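Descriptive structure summary
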Amino acid sequence: MDYKNKPAGWPLRGAQLGAVGLLAVAAMVARAESDRYIDVSKAAAQSTDASDQAFFRELEAMHGALAKVSGIESRLLLSDSDEVNAFATEVEGEKLIVLNMGLVDALADDRDALVSVLAHEYAHHGKSHLASTKSTNSLFGVLGVVVGAVIDYKLGTGGLGQDIGGAGAKVINRSFSRDQEREADATGLQWMVDAGYNPAGAVRAQRKFLEMAGSSSGFSLFRTHPGSDERVVNLQGLIAANAKAQALQSDQKVALALPSAEEEEEEGADGSEGQVAAAFNEPPAALLEPVQGASLASFAQISNDIVFMGEAKALARHKLTASRYAQINDGWTARMRGESGHTLTGAYSVHYFEASQGRFAAWGKDVAQAMRSGRLAQTTEPLPVDDWAALVLAQRQAVKDGQYDAAAFERAAKAKGLTSYDFNIVNSWWMQRARERAAQGDTSLYQKLG
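A quick note: this is a predicted structure, and the numbers were derived from the prediction, not measured.

1. Some points on the overall build of the protein chain
The number of helices and strands found in the protein chain is 20 helices and 7 strands. Every one of the 450 residues in the protein chain was classed for burial, and the buried ones make up 56%. If you take every contact in the protein chain between residues at least 6 apart in sequence, the share linking residues at least 24 apart comes to 75%. Within the structure as shown, the protein chain displays about 17,500 Å² of accessible surface, and the carbon and sulfur contribution to it stands at 49%.

Right, here's the structure in full:
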C-alpha cells in the first residue's frame, strides 16, 4: 500500500477522520502537515469495517501480549504519517507508544518484524529511558486539552482520530543514547520471545532497515540508533544464547492483516463526489451549560483574542481578570477532558475558527463552516500554494533537538507577511483543501509537503 497517496479517509472507511483545527491553544503553534493519531484499542472495538477491524485487532493483540509479559501499561496509537518510524513517549504521566503507518507499510509482510519494533519501544518505557532524555513534551504542554482529544478521540462520535501539527510529532519524539538503544534491543527481544513471537523477525526488521537506509525518503527510524548491521550481529548473538528464542525461529513468517486499499469517495447530499465528511457533532445540551458565566462560544472567542492580540488586551476587552479567566479556562478544559465523545472539542474548534480575525479572517470562518459541512466555500487562495508549502517546511526545520523554535518560524512567516496566528488559519484552510482533493483522487497538495 502506498500511504503517500493514501485516500482522504485513510485508514478507515467506517468513519471519517477528524477535521482541521482543534482548540484555541493549538493556534499558539503554527501547524505543519496534519498527522492523525488513532487509539488502536478503541478502533479495534468500534470499527464498523471488517477489514479495518481485523487490522486493528491484530495490532491490539501484539500490544496486549507485550503488555502482559512486560507488566507495562501503555496506550498504542497509530499515526497516518508515512515516515518509517515509531517512538515511545509520555503525556501527563501516561505511557504512549506510537507506530507510524509508514513503518507498518514497510513491514507489512512480516508481523514479527513489526512486533520487534513495538517491543523495542516498550523496552524504552520499561527501562525508564525517557526520564534521562533531553527532549520534552513542550508542544503538548502548549496544546493542553489537545492531548486528550488526540489520544481519546472516539469512534462513532464524529471521527477516529484528530489532527496535530507535524511539528508535534517531532517534538514528542525522543533521542536516546546508543547504549539505551542496545538495552532496548535486548530487552525488547526477550519480551517478544516471552510473548511467543519469532525473534528472527527482529533480525529481518534490521535487514529491512539496512535495505532502506540507502534512500532518505521517508526513512527516519533509528537515525540515532547503532547501525543496523551491528544490531543484526547483536540480535543473532542474543538469539543463539536463548533456548526459547531458538525454538521459536522455526515459526513461519506471517503477514499483517492490512486494511483494504480501496478508495471510497464521500458523496454530498447533492450526489457530488469528493466531499470530506464533517467531523462536527452538536454536544448534548448539558455539556453546553456556561462555565463561570461563559458559554463555549464565548470561551472560544476569548481564547482566540488571546492568541490574536495578547492576554492583557484580550482580558481587558472581555472585562476579565486573569484569575477569572483561569477559572473559565480550567472549567471548560476539565469538561472537555471528561467528555468521552469529544463533541465539545469539535464544537470548540468550530467556534474558535468562527472567531477568526485579521486579514485571513474570511478563510478562518471558511474552515469553521467546512467543519460543519465537509466542504470549503472559498475558492480564492489565502496564500499561494508554494508559499504555504514553504512555510510548512520552515516549521519542520524549526524543530531542533526535540524543541520547537517558535521565534525561528515566526521569522519565516514574517518574511511572507504572516504571523503565526495567520499561518494557523492559512494552513488549516490548505489542509482542508488537500483532503477534499485527495477524496477525488488528487494527492498533489499532500505531495507538495514532501
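2. Section: the pattern of salt bridges
If you walk through the whole model with that rule in mind, you get 14 salt bridges. In this structure, Arg 111 engages Asp 112 in a salt bridge whose closest nitrogen and oxygen atoms are separated by 3.3 Å. Judged by its relative accessible area of 1%, Asp 112 falls in the buried class. Close ionic contact of Arg 372 with Glu 354 constitutes a salt bridge, the shortest N to O distance being 3.3 Å. Taken together, the residues Arg 372 in helix α16 (residues 361–373) and Glu 354 in helix α15 (residues 343–354) connect sequence positions 18 residues apart. Salt bridges linked by common partners bring Asp 179, Arg 182 and Glu 230 together as one network.

3. Focus on helix α9 (residues 200–212)
Its 13 residues give α9 an end-to-end C-alpha distance of 19 Å, which sits within 8% of 18 Å, the value for a rise of 1.5 Å per residue. Those residues of α9 not exposed but buried are Ala 200, Gly 201, Ala 202, Val 203, Ala 205, Gln 206, Phe 209 and Met 212.

4. Here we look at the nonpolar core
Residues Leu 296, Phe 299, Trp 332, Trp 388, Leu 418 and Trp 430 are the most contacted members of the largest nonpolar core, which totals 51 residues. Here this core gets 9 residues from one element, more than from any other, and that element is helix α19 (residues 420–439). What Trp 332 contacts, discounting residues up to four positions off in sequence, is Leu 287, Leu 288, Glu 289, Pro 290, Val 291, Ala 294, Ser 295, Leu 296, Phe 299 and Leu 344. Of all hydrophobic cores here, the second largest spans 47 residues; its members include Ile 72, Trp 191, Val 193 and Ala 202.

5. Quick word on the environment of Ala 44
Positionally, Ala 44 belongs in helix α1 (residues 40–46). Given the relative accessible area of 2%, Ala 44 is considered buried. It is 4.7 Å that separates the C-alpha atoms of Ala 44 and Phe 56, two residues lying 12 residues apart in sequence. Setting aside chain neighbours within four positions, we find Ala 44 in contact with Gln 53, Phe 56, Arg 57 and Glu 60.

Cut-offs applied
- Throughout, a residue's number is its position along its own chain's written sequence, starting from 1.
- In keeping with the model being predicted, local features are shown solely for residues with a pLDDT of at least 70 and side-chain atom pairs are shown and tallied solely at 80 or more, while totals for entire chains, interfaces and linings include all residues.
- Calculation of side-chain values draws on the structure's entire complement of heavy atoms; hydrogens and water are dropped beforehand.
- Strands are runs of DSSP state E lasting at least 2 residues, helices are runs of H or I lasting at least 4, and numbering of each runs from the N terminus.
- Exposure is judged per residue with a 1.4 Å probe applied to protein chains only, and the accessible area is read against the type maximum: over 50% gives exposed, under 20% gives buried, and values in between give partly exposed.
- In this analysis, two residues are considered to be in contact whenever any of their non-hydrogen atoms come within 4.5 Å of each other.
- Areas reported as accessible are Shrake-Rupley estimates using a 1.4 Å probe. Residue values count occlusion only from the protein chains shown.
- What counts as a salt bridge is simple: a side-chain nitrogen of Lys or Arg found within 4 Å of a carboxyl oxygen of Asp or Glu.
- Expected helix span is computed as 1.5 Å times (number of residues minus one).
- Put simply, buried Ala, Val, Leu, Ile, Met, Phe, Trp, Tyr and Cys residues joined by side-chain atoms within 4.5 Å make one nonpolar core.

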